Number of protein chains: 6
Amino acid sequence: MTQRADGRTPDQLRPITIERGWSSQAEGSALISFGGTKVLCTASFTNGVPRWLTGQGKGWVTAEYAMLPRATNDRSQRESVKGKIGGRTHEISRLIGRALRAVVDTKALGENTIVIDCDVLQADGGTRTAAITGAYVALADAIEWGRQRKFVGQKSRVLIDSVAAVSVGIIDGVPMLDLPYVEDSRAETDMNVVVTGRGLFVEVQGTAERAPFDKSELDALLELGVNGCAELRDHQLAALGQEA
Amino acid sequence: MTQRADGRTPDQLRPITIERGWSSQAEGSALISFGGTKVLCTASFTNGVPRWLTGQGKGWVTAEYAMLPRATNDRSQRESVKGKIGGRTHEISRLIGRALRAVVDTKALGENTIVIDCDVLQADGGTRTAAITGAYVALADAIEWGRQRKFVGQKSRVLIDSVAAVSVGIIDGVPMLDLPYVEDSRAETDMNVVVTGRGLFVEVQGTAERAPFDKSELDALLELGVNGCAELRDHQLAALGQEA
Amino acid sequence: MTQRADGRTPDQLRPITIERGWSSQAEGSALISFGGTKVLCTASFTNGVPRWLTGQGKGWVTAEYAMLPRATNDRSQRESVKGKIGGRTHEISRLIGRALRAVVDTKALGENTIVIDCDVLQADGGTRTAAITGAYVALADAIEWGRQRKFVGQKSRVLIDSVAAVSVGIIDGVPMLDLPYVEDSRAETDMNVVVTGRGLFVEVQGTAERAPFDKSELDALLELGVNGCAELRDHQLAALGQEA
Amino acid sequence: MTQRADGRTPDQLRPITIERGWSSQAEGSALISFGGTKVLCTASFTNGVPRWLTGQGKGWVTAEYAMLPRATNDRSQRESVKGKIGGRTHEISRLIGRALRAVVDTKALGENTIVIDCDVLQADGGTRTAAITGAYVALADAIEWGRQRKFVGQKSRVLIDSVAAVSVGIIDGVPMLDLPYVEDSRAETDMNVVVTGRGLFVEVQGTAERAPFDKSELDALLELGVNGCAELRDHQLAALGQEA
Amino acid sequence: MTQRADGRTPDQLRPITIERGWSSQAEGSALISFGGTKVLCTASFTNGVPRWLTGQGKGWVTAEYAMLPRATNDRSQRESVKGKIGGRTHEISRLIGRALRAVVDTKALGENTIVIDCDVLQADGGTRTAAITGAYVALADAIEWGRQRKFVGQKSRVLIDSVAAVSVGIIDGVPMLDLPYVEDSRAETDMNVVVTGRGLFVEVQGTAERAPFDKSELDALLELGVNGCAELRDHQLAALGQEA
Amino acid sequence: MTQRADGRTPDQLRPITIERGWSSQAEGSALISFGGTKVLCTASFTNGVPRWLTGQGKGWVTAEYAMLPRATNDRSQRESVKGKIGGRTHEISRLIGRALRAVVDTKALGENTIVIDCDVLQADGGTRTAAITGAYVALADAIEWGRQRKFVGQKSRVLIDSVAAVSVGIIDGVPMLDLPYVEDSRAETDMNVVVTGRGLFVEVQGTAERAPFDKSELDALLELGVNGCAELRDHQLAALGQEA
């Protein structure tokens, strides 16, 4: 079997760590690592919902993604200094929000808002997938926090499933799981897969970076991604002290 | 077979028209309609490339997408008035640019830049897919314009394939092709598929808007999308006066 | 008599077309052409008025002007990308709004707001005057739309007059009507005249681009402008299916 | 004859003062008053021209207009705090620049730039006309400064004429000169006239604020304006120590 | 004793003038000069307080500092044109606001807001200290204005003390008072001291511009500053027609 | 002796930890904690200097401070989302930069730039002082990195001293060292002191938050601050593996 620069097999994740409750300020938090990629996810629980949602008895979950200026190998200018948020940042923030909402029963959440901040402290590929995976843990704890304070009904099942994400790609013709920066930048095709704990797709985003791809390649990537997400689900459950 | 509100079968496109050369100012242009969705695509050809690409002997193709404030049923505020571009606009502009670059041999283009502007004059679902499909026609004409002026080599094959895009989605459990607004807003799952003239995938973006989806649903949507794009390719070739 | 590059006499308008009801989304709309200049005017009718006008029993009419990036011969950067609206855009938007309000009885309109968007799809001189002339048609239809839905009183006379606009200028010492770009850029003096259907001035903006002008030149330009606007009024009435 | 609130006749200017050389920092400056309206005009002379003008042997003159937040009766928010310049500010800055350039021979100025800042310290109507009138004095001194340092040719005639401006308007049917705020806000028609020392028009901007106006009203306003500007020219010459 | 370029002794202020009531629009105003530094301070009194303070029976005092573009020897770009306020401007605005609030009993002010605008018309060092010193005079008059209109209780003592500020610094090893630009730019250590009429510190901001400083240098600077502020207090009282 | 809520004596620091080299991307880095306050400091070394400094043979050191949105007890909006940097952020960034430059010999650094990013991951008072103290460690390592790659002369002494900072304040009349949020928000007087390893002042910023203070209070605070900084210097040296 092909061996990768870091010694992994093509279908192997990087070392995953989830430091649950990293922040003493937020209602839920997790510092997650996918190898050298480290993302701090915090969940802020507040009563009430944005004006456009008021009075419908539903809650709201949204996310904001950002990267510290020196998370990457070269320092990039802060978006606050530029005075605007870049397209990539917007796109990933929207992706994380959609992924989380796919497993939340907003009726059960009640008129409460949870904002998840995913700040990349160090980047080595797969930051958006690490963010989604860590955000789920922070979200779960924030919901539990709301439940303990009776902002959320005691018996409501707010989380209808778990959700995790991973990147997959084809490098030198070989489909591979969980790409670090060095592989990601060489991939012919690059895909991010967001999968629920039960194995259903929430989001599939595949892009031909170098060469258009066919159906069989697509299928191979999807299979790798589904299996990777199943492993990540186990890490999430372990961090949350739940049984698989 | 299920019949849709506008009388189409699930695998049928809306009426497609491509008015090639709509603009007398741009080097290439097309006013494309997918039913009630109308997008004006113009291609601007200039010599030289952005600084970061200079001296590599390669050209650059990029795109900007925008919507007129009253393209939609409710008027929305102009992004120029807001002072910033929204996440959705950024995301779609980036998608169009990637889709076009996937069929361009930038070496053959030489150190020239083509900017494609896709302005939605009227919106009724599928604006990004109409934009990609029309942009290809404007791009092809701009390249031809450059060739006639010898900015591009006479024998270079700049376009290595054609590219088109279409939306697909599952409504009430039925996979359907080319969704107008009324269907798009009800879809359980929504996918945009970008496919080359030869039938290879350039981009696959599927999102569970209401319910996570499984592999068989994904496969059904992909098949619809591939077939829809093949029909759009024929419209493109006809507009360009080329043989299928 | 002097003949112009496009074969017109000095006091002749370019070919004028007004495609009323171009948009199926807006309450009123017109795609107007003054020769190669094409402006899409849409009118958006909403109940209520801006906060500063609330409770006075009066309506509000305002306008926003913009140009597609490749409406002109060279592509210009989008104002949404620059993050701010340029001085010229602001100035023209304000001019269009003032011109329209001059013929509207805001009491008769009631507490309703009409926003007119004038988007230049192709530019060849005189875009602001074409915008005003087309905007009047869109405005008239939006008021009628409001009347049919009883948002506006059945007998109220909201439009107290019609309004049209045209550019005039002195080129090589000869006063000329309705300047295309090639003439406009050479004019010694440039003037925009906004005139009501009854022949009264709403706005007179004359600028010495190359040489200060005297009273007799001013008078000659005003006469040309008044006559040009009378012709445009006839085009407006024809488009609206009204008698002159 | 009609008497005005401040005791003036309709064709009389407010008390005019021009404090030449107010600033010890700028190359030219004037603090001008039209009654309660006070504008500080400074001219900044620098060698070189903006990039787009380089190498043509011509100079550049431009202007920026602004108002202190409490120049007016109610405090308005600073444009620097809003983060953008309003349409009115843009429009007036452009007007001042055009008015000054109309009397400058940019070839004679050579490749030098003069920026005129007109900051309204106190506002009581007619701020843009006071700004133009004061700016001319500051400009004349900055050109002289450049001449003394040999940045400008000793014999070149840079200023081909002088320029001044005044507001006129119709109040209760009576044409009046130099409107303070209380008259300006009631005027049926409002006009700003920019006239050279020789009596030629540089700019005529008339707006029907309340009622469209006819040719005879326009003529009456123009005559008032031309006479008012002739008086202002005498004030300018006196301030500059030149003979009329 | 060391003599300075302008002939002063190290412990001597520049000529101070305070033109109280300069503006006829503002509720309080002062044009203050510290030598060549001239700052126009206006105080705007309005009923009500910002939302975050509502209902607590307390008033609010805040300040905004800005500089005209040609206040300095080289013209700088307007912050409104840049689209954002610089760090230095923000910092000084906040300092002025804190200094004034230190001598205001906000309970006695009642739910009223006073905004102080400090606009530097000409700059020659010490603009922030001149601004604070002049702002106090404008503030005192605005409070009196409110008292006369019964917005402020007749017997309330809103101002619990006066406040003034001055710069001090070490130049060539000698501590000096009230630095003009030429000294400020050479200072090894630079300090701004804000002191109440009774001689207590409100703010002490010392910075080692060239060389870290020790406790004895700090003490020498503080003594100079306290004495300078006592003199400025006498100028303030004189301007306000109060006894020392 | 007074005991504080967290059991410290008035002159005692909170537990200090410095995790040197936290980032694998930056040339120097430190994750510093002052009790619950955690700041990630990274130093980015690049060749060359900003344009305004080019050709003088000197280097440049600058800093940017920011706070994650949920570093605090309530979530605050991102400055990138607001589209501008707040006054407080600007002020602190400038302070950190000045503090570091006070101990750098920019000639010895050569034409190289070091940017220090201080991102507050968790905030509990004293974030700016923790930032300065941690930034020194990151800076020292970045200089060493440059030395090893010969970008900096082998024998040059770039750091002429170390630098640390701490907050002090008077609470209920008692001067105290290193205030957590709960104390900081109650302090009558608040001061930040920046001191070099040799005990000289770089910056002294004292503010009367509630009551103006006298010279003896100022002296007491300064003494506490100097002693606190001496302890912090020992922590810095230990982290850097240097002898005290």
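The name that an unreviewed UniProt entry assigns to chain A is Ribonuclease PH, with the source organism given as Microbacterium oryzae. UniProt lists a comment for chain A under the heading Catalytic activity (unreviewed entry), and it reads "tRNA(n+1) + phosphate = tRNA(n) + a ribonucleoside 5'-diphosphate". Per UniProt, the comment on chain A under Sequence similarities (unreviewed entry) is "Belongs to the RNase PH family."

Participant: Would you take a moment to explain the pairing of strand 6 (residues 163-171) of chain C for this structure?
Facilitator: The side chains of a regular strand alternate between both faces of the sheet. Residues and elements named next belong to chain C. For strand 6, a buried count of nine out of nine residues is recorded, marking the element as mostly surrounded by other parts of the structure. One ladder, built from four bridges, connects strand 6 with strand 7 (residues 174-177); its direction is antiparallel. Bridge pairing in strand 7 links I171 to V174. In textbook terms, the turn of a hairpin is the stretch between consecutive antiparallel strands, and for strand 6 and strand 7 this stretch comprises two residues, one of which, D172, has a positive phi near 50°.

Participant: Teacher, can you tell me more about the packing of aromatic side chains here?
Facilitator: Describing an aromatic ring pair means giving the distance of the ring centres and the angle of the ring planes. Inspection of every chain in the model, using the stated rule, returns 30 aromatic pairs over all chains. Geometrically, the ring pair formed by F45 of chain C and F151 of chain C is stacked, given 5.9 Å between the ring centres and 25° between the ring planes. Residue F45 of chain C is located in strand 3 (residues 37-47), and its partner F151 of chain C is located in the loop between helix 4 (127-148) and strand 6; the two are separated by 106 residues in the primary sequence. Aromatic ring contacts, followed pair by pair, group F45, W145 and F151 of chain A into a single cluster. Positioned above the aromatic ring of W22 of chain B is the side chain of K38 of chain C, whose terminal nitrogen or guanidinium carbon lies 4.5 Å from the ring centre.

Participant: Where do I start with the pairing of strand 5 (residues 112-122) of chain F in this structure?
Facilitator: Residue and element names in this part refer to chain F. Among the eleven residues that make up strand 5, eleven are buried, leaving the element largely enclosed by the rest of the structure. The sheet contact formed by strand 3 (residues 37-47) and strand 5 spans ten bridges and is antiparallel. In the sheet register, S44 faces strand 5, and the bridge partner there is V115. Looking at chain direction, strand 4 (residues 60-67) and strand 5 are connected through eight bridges and run parallel. Its bridge partner being in strand 5, A66 is matched across the sheet by D119.

Participant: What's the story with the sheet that holds strand 8 (residues 189-196) of chain B in this structure? I'm lost.
Facilitator: Where strands meet in a sheet, backbone hydrogen bonds hold them as pairs that are either parallel or antiparallel. An order of 7(A)-6(A)-8(A)-9(A)-9(B)-8(B)-6(B)-7(B) is seen for the eight strands of this open sheet, with the pairing classed as antiparallel. Here the strands that pair on one side only, and so sit at the sheet edges, are strand 7 (174-177) of chain A together with strand 7 (174-177) of chain B. Taking each pair of neighbouring strands and ignoring which way they run, the sheet shows an average axis angle of 15°. Two elements, strand 9 (residues 201-208) of chain A and strand 9 (residues 201-208) of chain B, share five bridges in a ladder whose sense is antiparallel. In the strand pairing of strand 9 of chain B, Q205 of chain A is matched with Q205 of chain B.

Participant: Looking at this model, I keep getting lost on helix 4 (residues 127-148) of chain E. Mind explaining?
Facilitator: Side chains of residues three or four places apart in an α-helix project in the same direction, reflecting 3.6 residues per turn. Residues and elements named next belong to chain E. Here helix 4 is 22 residues long and its end C-alpha atoms lie 31 Å apart, about the 32 Å a rise of 1.5 Å per residue gives. Of all 22 residues that make up helix 4, 19 are buried, and the element is covered over most of its length. Just past helix 4, the residue K150 takes up positive phi, approximately 65°.

Participant: Just checking my understanding: could you explain the layout of surface pockets for this structure?
Facilitator: In this structure, the second largest pocket occupies an estimated 620 Å³ of space. Considering the residues around the second largest pocket, the lining is formed by 21 residues, among which W60 and R101 of chain A together with A208, E209 and R210 of chain B are closest to the centre. Secondary-structure elements contributing two or more residues to the lining of the second largest pocket are helix 2 (87-101) of chain A together with strand 9 of chain B. Tallied by class, the residues present in the lining of the second largest pocket amount to ten nonpolar, four polar and seven charged.

Participant: Mind showing me how you'd approach the relation of the copies chain E and chain D here?
Facilitator: Copy one and copy two of the chain differ by a rotation about a common axis and a shift along it. Of the transformation superimposing chain E on chain D, the axial component is 0.0 Å and the angular component is 180°, with the fit at an RMSD of 0.0 Å. Such a combination of turn and shift is consistent with a two-fold rotation axis. The position closest to the rotation axis in chain E is occupied by the C-alpha of S80 of chain E, lying 1.9 Å away. A symmetric contact is evident, with 100% of the interface residues of chain E recurring at the interface of chain D.

What counts and how
- Residues numbered from 1 in each chain as written.
- Chains lettered and ligands numbered in written order.
- Predicted model: local features only at pLDDT ≥ 70, side-chain atom pairs only at ≥ 80, totals over all residues.
- Heavy atoms only, no water.
- UniProt positions renumbered as here; feature names shortened; annotations may be inferred.
- Buried < 20%, exposed > 50% of the residue type's maximum accessible area, 1.4 Å probe, protein only.
- Helix = DSSP H or I, 4+ residues; strand = E, 2+ residues; numbered from the N terminus.
- Pairing = 2+ DSSP bridges.
- Phe/Tyr/Trp six-rings, centres within 6.5 Å; stacked < 30°, edge-to-face > 60°.
- Lys NZ or Arg CZ within 6 Å of the ring centre and 35° of its normal.
- Axes fitted to C-alpha atoms, helices over the stretch in contact; angles between N-to-C directions.
- Expected span 1.5 Å × (residues − 1).
- 1 Å grid on protein atoms, 1.4 Å probe; cavity = no way out; pocket = protein on both sides within 12 Å on 5 of 7 lines; lining within 4 Å.
- Points joined across faces, edges and corners; volume = space filled by probe spheres on them.
- Nonpolar A, V, L, I, M, F, W, Y, C, P; charged D, E, K, R; others polar.
- Least-squares fit on C-alpha atoms with pLDDT ≥ 70 in both.
- Contact = heavy atoms within 4.5 Å.

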